[in-house]
Number of protein chains: 2
Amino acid sequence: MTDTRTAAAAPLHLSPTDRTLARPVAPDGPRRGLGVGELVLDGGGFWGRLQHTNAQATLAHCVEWMERLGWIANFDRVAAGTTDGDRPGWQFSDSEVYKLLEALAWEHGRTGDASVDATFEALVDRVAAAQDDDGYLNTCFGHAGQPDRYSDLSSGHELYCTGHLLQAAVARLRTVGADRLVEVARRAADHVCREFGELGRDGICGHPEIELGLAELGRALDEPRYTEQARLFVERRGRGTLAPIALLSPAYFQDDVPVRDADVWRGHAVRALYLAAGAVDVAVDTADAELLAAVERQWTRSVERRTYLTGGMGSRHQDEGFGDDWELPADRAYCETCAGVASVMVSWRLLLATDDVRYADLIERTLYNVVATSPRSDGRAFFYANPLQQREPGADVRPDAVNPRAEGGVRAPWFDVSCCPTNVARTLASWQAYAATVEGDVVSLVLHASADLRVGLDDGGELALRVRTGYPADGRVRVEVLDAPDRPVTLRLRVPHWAQGATLAGPGEPVPAPAAPGWAEVRATFGAGDVVTLDLPTAPRFTWPHPRVDAVRGTVAVERGPLVLCVESVDLPDGVAIEDVRLDASVPPRAEGDGAVVTVAVVAPTGAEPGRPPFSAHPASSAPDAAAASTVATTEVALVPYHRWAERGPSTMRVFVPTL
Amino acid sequence: MTDTRTAAAAPLHLSPTDRTLARPVAPDGPRRGLGVGELVLDGGGFWGRLQHTNAQATLAHCVEWMERLGWIANFDRVAAGTTDGDRPGWQFSDSEVYKLLEALAWEHGRTGDASVDATFEALVDRVAAAQDDDGYLNTCFGHAGQPDRYSDLSSGHELYCTGHLLQAAVARLRTVGADRLVEVARRAADHVCREFGELGRDGICGHPEIELGLAELGRALDEPRYTEQARLFVERRGRGTLAPIALLSPAYFQDDVPVRDADVWRGHAVRALYLAAGAVDVAVDTADAELLAAVERQWTRSVERRTYLTGGMGSRHQDEGFGDDWELPADRAYCETCAGVASVMVSWRLLLATDDVRYADLIERTLYNVVATSPRSDGRAFFYANPLQQREPGADVRPDAVNPRAEGGVRAPWFDVSCCPTNVARTLASWQAYAATVEGDVVSLVLHASADLRVGLDDGGELALRVRTGYPADGRVRVEVLDAPDRPVTLRLRVPHWAQGATLAGPGEPVPAPAAPGWAEVRATFGAGDVVTLDLPTAPRFTWPHPRVDAVRGTVAVERGPLVLCVESVDLPDGVAIEDVRLDASVPPRAEGDGAVVTVAVVAPTGAEPGRPPFSAHPASSAPDAAAASTVATTEVALVPYHRWAERGPSTMRVFVPTL
C-alpha cells in the first residue's frame with residue numbers, strides 16, 4: 001500500500017501501458033475508453049474550463065458543505081460509537097462522501113496533485129474507521145440507536161451507498177492501483193456477497209447502484225464473485241420483492257418488470273439508468289446477448305419517446321421519473337442532473353459494447369446540455385432539475401442555505417438531497433474517459449475538444465495527437481499527429497447526426513471530402529506533422545418537435561452544433577414578456593458569439609375573458625393569421641446556449657419558442 | 001335529544017320557515033342558498049340520477065370500506081383504551097368518517113330516510129365514545145402509544161379532522177337541529193378555542209379546514225367565539241409558523257403569505273381552497289371587506305390563469321398543487337376531485353356575498369366536469385385526479401384493492417388517501433343547496449335541473465316552482481309557477497356566459513326576448529300556471545386555449561352547454577391512435593346524443609429520427625400544410641361528455657385535440 005501512495009504522490013501521467021488502469025467505466029468488451037492520463041484538455045476550451053473550475057472550486061466546495069452539515073462526521077460517530085441520537089443527513093448521505101472520493105481519485109489521477117491526494121486520504125481515514133469488523137460500512141443503520149442493517153431495503157439505500165463506495169475504489173484502482181480504499185471496498189463487497197449471495201437474503205436495494213459498483217470492482221480486480229453478485233441483483237429485480245413506498249408504484253424502483261423483459265425505462269430516472277448501466281456491465285462480462293439487447297431496446301424507445309432535446313431524462317417531479325411516451329413538458333421537465341450523468345454512463349457502456357455512434361451522439365448532447373448546465377460558472381452552485389422553460393424568475397438563493405432539491409430557476413450551493421454536485425464533480429474529473437475509444441489500432445475521437453492525446457493502441461505502440469478546435473461554437477476540428485507507429489492505423493472522428501454537409505481532409509487527401517454522419521475515418525501510416533481536419537457545420541438551425549410531443553406543439557427550438565439554445569428574458573427588449581414572443585421561422589437564425597440571433601414578433605395576448613378559465617370561443621387566440629394580426633413589434637433577439645442560462649440574475653427562459 | 005331523533009325519523013321536507021336550518025354552507029350575507037328540503041330533484045335528470053346513486057350505493061360503499069380498513073374502528077380503540085400498537089389509516093382518516101357523517105346528515109335531511117338516520121346514529125355512537133373528557137377528539141394523537149396532541153401541526157391534521165367534525169354537525173343542525181353530534185362538535189370546538197385562542201397556542205393546522213368548520217358552526221349556533229377562533233386561524237396563516245415538511249415549501253400549506261396579502265392561490269389546491277372558503281366566511285361574518293376583496297382577487301387571477309377548462313384546479317402531481325400562471329398541462333393535470341368540491345365551496349360563498357354571476361358559472365363548470373366526473377355510474381368507484389388527457393389506457397383496478405391516489409385512467413373503489421369518495425358523497429347529498437339563491441323576494445335559479453321547488457321568501461310567503469328541462473343536452477328550461485304570493489316577486493334564471501343568443505319568455509311576454517349572459521329576470525305577480533321559459537343554445541362549440549397556455553397550443557376543445565367533451569379511443573376507428581387525430585376546425589361540430597360529432601383527419605406521424613430524441617430538423621413535423629399532406633384518412637368521430645369518460649373499459653382520451 002505504501003508503494004502505491006508513493007507512486008501516487010508523484011505527478012502522474014499514466015503511460016500507455018497503464019491502460020488497464022485507464023478505464024473508469026469500461027466493460028470487458030472489445031473497445032476501451034481513455035485513461036485519465038491519456039488525454040490532457042486544453043485549459044481554454046469548453047471542457048478544459050469546466051474541468052479546471054471543478055478542480056479549483058467544486059471539490060473543495062463539496063468537502064466544505066459535507067463537513068458543515070455533518071455528513072462526513074457521521075463516519076466519525078460510527079467509529080466513536082456515538083451514533084445514538086439524531087443523525088444529520090438523509091439515509092443516503094454516505095454516498096455523497098463516496099462520490100466525492102471518486103471525484104478526488106479521478107482528479108488526482110488526472111493531475112497527480114498531492115493536495116488532492118491528501119484530501120482524499122484524510123477522508124479515507126475517516127471512512128475506513130467506520131467500517132465494521134465484518135466489512136459492513138454504513139453510518140445510518142446497524143449501530144447503537146439505529147435501525148437494523150438491511151431492515152428497510154426499499155428506502156434505506158444501504159446497498160446504494162456501498163455501490164458508490166465501490167465505484168470510488170475503482171477510480172482509485174484505475175489511477176494509482178490497489179490502496180487502502182480499495183481494501184475497504186473489497187471488504188464491503190465481500191460482506192455484500194455473503195449477505196446477499198445465492199445462499200443469502202433474496203433481496204435487492206430500492207435504489208440500484210450496487211450492481212454497477214460490484215460489476216466495476218469485479219472487473220477491475222478480476223474477481224468473478226463480484227460480477228456474479230451484480231448479476232444476481234440484476235436478475236432479482238422486477239419481481240415485486242421490495243416493500244411498497246406509500247403512494248409510489250413498484251415501477252418507481254423498477255421492481256415491476258424484470259430487466260430483460262422491459263421495453264422502456266420508467267419510474268425514477270436515476271434508478272432506472274443506474275440499473276441499466278449495471279445491466280450492460282453484467283451483460284458484457286457474462287456474454288449475455290439477450291440482456292444487452294434488452295437494454296438497447298429500452299434505450300431506443302426511451303430516447304425516441306421519453307427524452308428531451310437536451311438529452312435530459314425525467315418528465316415528472318412527483319417521482320423524479322420518466323413519464324409516458326411523448327410526455328415531455330418543457331416547464332415541468334425534471335431532467336435531473338444526476339439522470340444526465342447516469343444517461344452518459346449507460347450510453348458510454350453501450351457505445352463500447354456496440355460501436356453504434358448514436359450512443360456517442362446522445363452522450364455529447366447530454367454532456368453539453370444537462371451536465372454542463374448544472375454547475376454555475378464559478379463551480380459553487382448547481383441546478384438539480386433542468387427544465388426547458390422557466391415561467392417565473394427564480395428567487396435569489398442565499399449562499400449559505402440548504403435548498404429544496406428541484407424548484408426555482410437559480411442554481412443553489414447545496415441541497416437537502418444533494419446528489420447532483422458530487423455527481424457533476426466525478427463526471428468532470430473523469431471527462432477524458434469519454435473522449436475517445438480504442439479498439440486494436442483504431443482510435444475514435446468521440447468528443448471534440450482541444451487536447452493533447454497520447455493513446456496506447458491495443459496491439460502495441462501509441463498514437464499521439466494534438467487536437468485544436470473552437471468547438472462547439474466553431475466546427476473545425478484540426479488533428480495533428482505528433483507521434484504514430486510506423487504502420488497503418490485508423491483514426492476515426494465522430495460526425496454528429498446534425499452535421500449535414502461535414503467534410504474531412506486527411507494527409508493524403510488535402511481536398512475535403514464529404515463526411516456523412518457517423519464515423520469519418522482515415523487509415524494511414526501517419527507521420528508526425530500529418531494533419532486531419534474535420535469541418536462540422538455549426539450554423540444555428542431550427543429544430544422542430546415530433547407531432548406527438550403535445551407540450552411544445554407549435555413551437556421551434558434553435559440548436560447550434562451540439563448546443564441547445566434558449567431565449568432568456570434578460571435578452572428581451574424592455575417591457576416584452578417572454579410569453580408574448582413569437583419566432584418568425586421564415587428568417588433563418590444567424591450565428592452570433594456562441595449563440596444565435598432570431599427574428600421575433602411581439603404579439604398582444606388575446607382571447608382572455610375576465611373571470612373565466614383561459615379558454616374562449618375566439619379561434620383568433622391560436623390561429624397563425626390572428627397572431628400575425630396582433631403583432632405589435634418585430635425585433636431581433638439573441639439566443640444563448642442553454643447551459644449558461646440563469647447566469648445573469650433571475651430570469652424567465654424558454655428553449656421552445658412559439659412560432660408566428 | 002330524543003325529540004330530535006323522533007322528528008328526524010319521520011319523512012322530512014323542511015317547511016319554508018325552517019330555512020334557518022337550510023343553509024349548508026351559507027354565510028351571514030344578504031343572500032342564502034336553499035335548504036335540502038326546499039327542492040326535490042327529478043330522479044330522471046342529470047343531477048337526480050347522480051343523487052340517487054349516491055344515496056343508493058355510495059354512502060353504503062363508504063361505510064363498508066371504512067369498516068373494512070378499520071378507520072371507524074379507530075374510534076372504538078380510543079374508547080376502549082387499546083390504542084397501543086399499529087393504527088390503520090393515515091393520520092387524517094377520522095376526517096373521512098366525519099365527511100361520511102355529513103353526507104348521511106344531508107341525505108337524511110333530504111329524504112327523511114330512517115335507515116340513513118340509523119346508520120348516522122350508529123356511527124355517532126362510536127365517534128362520541130372516543131371523545132376525551134376535555135372535548136379533544138382524535139384517534140391518532142394523544143392516547144396510549146400515540147404522539148402527543150398537537151405535536152405535529154404541520155402534518156398531523158388534528159384540527160383539519162376537527163373541522164370536518166364541525167361541518168358534519170352543521171349539516172345536522174341544518175336538517176334536524178341540535179342533537180348528539182352537535183353536542184360532540186360543540187365540545188370539540190370549545191376545546192379548540194381553549195387550546196388555540198388568543199391566550200393559547202399561537203398555532204395553525206398544516207391543512208386548513210378548521211377555519212371553515214368553526215365559522216359554519218359559529219354561524220349555525222350563533223356562537224361568536226367560534227367565528228373569532230376561525231378569524232384567528234385565518235389571520236395567523238402565512239407567517240411561516242409551520243415547521244417545514246421535507247422537500248415542500250411553505251407555500252404548500254399557504255404559510256408563505258398572509259391571506260389578506262396574497263394575490264393568487266398557490267401550493268396544495270385543496271388546502272388553498274378550504275382556506276379561501278373559511279376566509280370568506282370570516283370576512284362576511286366580521287364585515288371585513290378587505291379580506292373579502294383579497295379572496296376575490298385571488299379567485300380572479302387563479303381562475304383566469306390557473307384553472308382548467310373543466311374548472312379543475314391543481315396542475316401538479318408533486319404537491320397536488322397549483323402551478324405557475326398558464327401552467328395547465330392536459331396530461332398531468334391533477335384537478336383533484338376534492339379541489340373541485342372545495343372550489344365550489346369557495347365560489348358559492350363568493351356568489352352569496354356578491355351576487356356576481358361569474359362565481360355561479362364556475363360552480364356549474366366544476367360540478368359538471370369535475371365533481372360529476374369522479375364517481376363511476378354505479379357510484380362505487382371514483383377518480384381522484386381528473387386529467388384532461390390520458391396517454392396510456394388505465395390498468396384494470398381490482399374491486400377489492402386500495403389504490404394509490406392519483407394514477408391511472410380507471411376509477412378506483414377506494415384509495416390509500418381516500419378523501420374524494422366522501423367529498424363527492426357530501427356534495428351530491430346537498431346538491432340542492434347550490435341550486436338557487438334567495439334574497440328578499442328574489443329567487444335566482446343558479447343551476448338548471450328538473451326539480452320541484454318550494455322556496456320560502458325572506459320577506460314572507462313562498463314561491464313554488466316546477467322546473468322541467470333536458471339540460472344540459474337540451475337548453476330549454478321551462479319553469480312553471482305552482483304557487484306564489486299575491487304580490488310582485490322576482491324570478492331570475494342564470495344565463496351562462498357561453499350562452500350567446502339565449503332567449504327568455506315570461507308570462508307577460510310570450511315572445512322570447514334576448515337574454516344576455518348573466519341573470520335573466522322576470523318580476524311579476526305570478527299566478528299558478530304561469531310559465532317562464534329560458535332557451536339556452538347548447539349546440540356544440542369550439543373552445544380555444546389562451547395563447548399563453550403552452551401545453552395545449554395548436555389544439556381545440558369542444559364544449560356543449562356546460563359540458564366539456566372529449567374524444568376517447570374506444571370511439572376511434574380500428575387502428576387509429578388518438579395521437580394521430582387532427583381536428584378539422586373548418587367543419588363545425590354537430591350535436592349527437594349528449595355529445596357531438598366532429599370531422600378529423602388521421603395523419604401519419606412524421607419527423608422521427610431513429611435513435612434520437614423526438615425533435616428533428618424537419619419543419620414538416622409541425623407545419624399545418626405538412627400535416628395536411630400526411631393525411632391518410634378523413635372521418636367523423638363522436639365526442640362524449642368528459643364526465644363519462646372511462647366508463648367503457650380502459651381507453652386513451654383527450655379533451656384538447658390538435659387541429660389540422
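Just so it is clear, the structure is predicted and the values come from calculations on it, not from any experiment.

Scoring rules and cut-offs
- Within any chain, residue numbers begin from 1 and follow the written order of that chain's sequence.
- Starting at A for chains and at 1 for ligands, labels are handed out in the order in which the entities are written.
- Per-residue local features are limited, in this predicted model, to residues with pLDDT of at least 70; the limit for side-chain atom pairs, both in listing and counting, is 80 or more; totals at the level of whole chains, interfaces and linings are taken over all residues.
- A pair of strands is treated as paired once DSSP finds two or more bridges between them.
- Under the scheme used here, helices are H or I runs from DSSP no shorter than 4 residues and strands are E runs no shorter than 2 residues, and both carry numbers assigned from the N terminus.
- Note on geometry: axes are C-alpha line fits, over the in-contact stretch for helices, and angles between N-to-C directions span 0 to 180 degrees.
- Should an angle lie under 35 degrees it is considered roughly parallel, over 145 roughly antiparallel, and from 65 to 115 roughly perpendicular; all remaining angles are considered oblique.
- Each crossing gets its handedness from the near helix: less than a right angle anticlockwise from the far helix is left-handed, clockwise is right-handed.
- In this description, any two residues whose backbone-derived C-beta atoms lie within 7 Å of each other are considered to be in contact.
- Three classes are used: nonpolar for Ala, Val, Leu, Ile, Met, Phe, Trp, Tyr, Cys and Pro, charged for Asp, Glu, Lys and Arg, and polar for all others, with Gly counted as polar.
- In this document the domain limits rely on a domain assignment from an automatic tool or a database.
- In this comparison the copies share one frame, found by least squares on the C-alpha atoms of residues holding pLDDT of at least 70 in both.
- Exposed residues have 12 or fewer other C-beta atoms within 10 Å of their own C-beta, buried residues have 20 or more, and partly exposed residues fall in between, where C-beta atoms are placed from the backbone.

Visitor: Would you mind showing me how to read the sheet that holds strand β11 (residues 503-506) of chain B here?
Guide: All names here are of chain B. Spatially, the seven strands line up as an open sheet ordered β1-β7-β8-β9-β14-β11-β12, and their pairing is antiparallel. Since the sheet does not close on itself, it has two edges, and those belong to β1 (39-41) and β12 (509-514), each with one partner. Put simply, the sheet's adjacent strands are angled 15° from each other on average, direction ignored.

Visitor: Can you help me understand the packing of helix α8 (residues 210-221) of chain B against helix α9 (residues 224-236) of chain B in this one?
Guide: Relative orientation and spacing of two packed helices are given, respectively, by the angle between their axes and the distance between those axes. Residue and element names in this part refer to chain B. In the contact formed by α8 and α9, the axes pass within 7 Å of each other and the chain directions differ by 160°. When the axis of α8 is compared with that of α9, the two are roughly antiparallel. As for the relative orientation of α8 and α9, their crossing is left-handed in sense. Each of Ile 210, Glu 211, Leu 214, Ala 215, Leu 217, Gly 218 and Arg 219 in α8 lies in contact with α9, whose residues at this interface are Pro 224, Tyr 226, Thr 227, Gln 229, Ala 230, Phe 233 and Val 234.

Visitor: Sorry if this is basic, but what is going on with the packing of helix α4 (residues 93-111) of chain A against helix α14 (residues 419-429) of chain A here?
Guide: Residue and element names in this part refer to chain A. Between α4 and α14, whose axes approach to 8 Å, the crossing angle comes to 20°. With respect to their mutual orientation, α4 and α14 come out roughly parallel. Along this stretch, α4 crosses α14, giving a crossing that reads as left-handed. Between α4 and α14, the residues in contact are Glu 96, Lys 99, Leu 100, Glu 102, Ala 103, Trp 106, Glu 107 and Arg 110 and Cys 419, Thr 422, Asn 423, Ala 425, Arg 426 and Ala 429, respectively.

Visitor: Which parts of the structure should I look at to understand the interface of chain B and chain A?
Guide: In this complex, chain B contributes 60 residues to the contact, which on the side of chain A involves 61 residues. At the level of secondary structure, the elements contributing two or more residues to the side of chain B that touches chain A comprise α11 (289-306), β15 (541-545) and β21 (615-616) of chain B. Of all the elements, β15(B) adds the most residues to the side of chain B that touches chain A, at five residues. Of the residues belonging to the side of chain B that touches chain A, the class tally is 24 nonpolar, 16 polar and 20 charged. In this structure, strand β21 (residues 615-616) of chain A lies alongside β15(B), joined through two bridges in antiparallel fashion. Opposite Ser616(A), over in β15(B), you have Trp544(B) as the bridge partner.

Visitor: When you look at the domain arrangement of chain A in this model, what are you seeing that I'm missing?
Guide: Many descriptions give the size of an interface as the accessible area lost when the pieces come together. Residues and elements named next belong to chain A. Along its sequence, chain A is carved into domain 1 (2-434), domain 2 (436-535) and domain 3 (541-658). Spacing between the C-alpha centres of domain 1 and domain 3 amounts to 36 Å. Facing 25 residues of domain 1, the contacting portion of domain 3 comprises 21 residues. Mapped onto the side of domain 1 that touches domain 3, the elements with two or more residues apiece are α13 (357-371) and β2 (389-390). For the side of domain 1 that touches domain 3, the element with the highest residue contribution is α13, accounting for four residues.

Visitor: Is there a simple way to think about unusual backbone geometry in this case?
Guide: Only a minority of non-glycine residues have a phi that is not negative, and only a minority of peptide bonds are not trans. The step from Tyr471(A) to Pro472(A) runs through a cis peptide bond, and the omega angle for that step is 10°. With respect to the helices, strands and loops of the structure, Pro472(A) is situated in the loop between β8 (462-469) and β9 (476-483). The phi torsion at Ala287(A) lies on the positive side, around 50°, for a residue other than glycine. If you trace the backbone, Ala287(A) turns up in the loop between α10 (269-285) and α11 (289-306). The phi dihedral of Gln254(B) falls on the positive side, at around 55°, and the residue is not glycine.

Visitor: Please clarify how the relation of the copies chain B and chain A should be interpreted in this entry.
Guide: What connects the two chain copies is a rotation about an axis and a shift along it. Each copy of the sequence occupies a distinct position, and chain B is placed on chain A by a rotation of 180° and an axial shift of 0.0 Å, giving an RMSD of 0.0 Å. Here the copies are linked by what is in effect a two-fold axis. Mapped onto chain A, 100% of the interface residues of chain B again fall at the interface, so both copies present the same surface.

Visitor: Help me out: how do you make sense of the sheet that holds strand β7 (residues 451-456) of chain A in this one?
Guide: As a general point, the strands of a sheet are linked pairwise by backbone hydrogen bonds and lie either parallel or antiparallel. All names here are of chain A. If you trace the seven strands from one edge of the open sheet to the other, you get β1-β7-β8-β9-β14-β11-β12, paired in antiparallel fashion. With partners counted over all chains shown, the strands left at the sheet margins are β1 (39-41) and β12 (509-514), one partner each. Averaged over all pairs of adjacent strands, the angle between strand axes in this sheet comes to 15°, irrespective of strand direction.

Visitor: Looking at this model, I keep getting lost on α14(A). Mind explaining?
Guide: In an α-helix there are 3.6 residues to a turn, and that puts residues three or four apart on one side. Residues and elements named next belong to chain A. Where burial is concerned, most of α14 is hidden: eleven out of the eleven residues are buried. Those residues of α14 that fall on the buried side of the exposure criterion are Cys 419, Cys 420, Pro 421, Thr 422, Asn 423, Val 424, Ala 425, Arg 426, Thr 427, Leu 428 and Ala 429. Its buried side turned inward, α14 meets α2 (46-69), α4, α12 (337-354), α13 and β4 (414-415).

Visitor: Help me out: how do you make sense of the environment of Cys420(B) in this one?
Guide: Residues and elements named next belong to chain B. By the secondary structure assignment, Cys 420 is in helix α14 (residues 419-429). The sequence separation of Cys 420 and Thr 310 amounts to 110 residues, and the corresponding C-alpha distance is 17 Å. Setting aside residues up to four positions removed in sequence, Cys 420 forms contacts with Thr 337, Cys 338, Ser 374, Phe 382 and Tyr 384.

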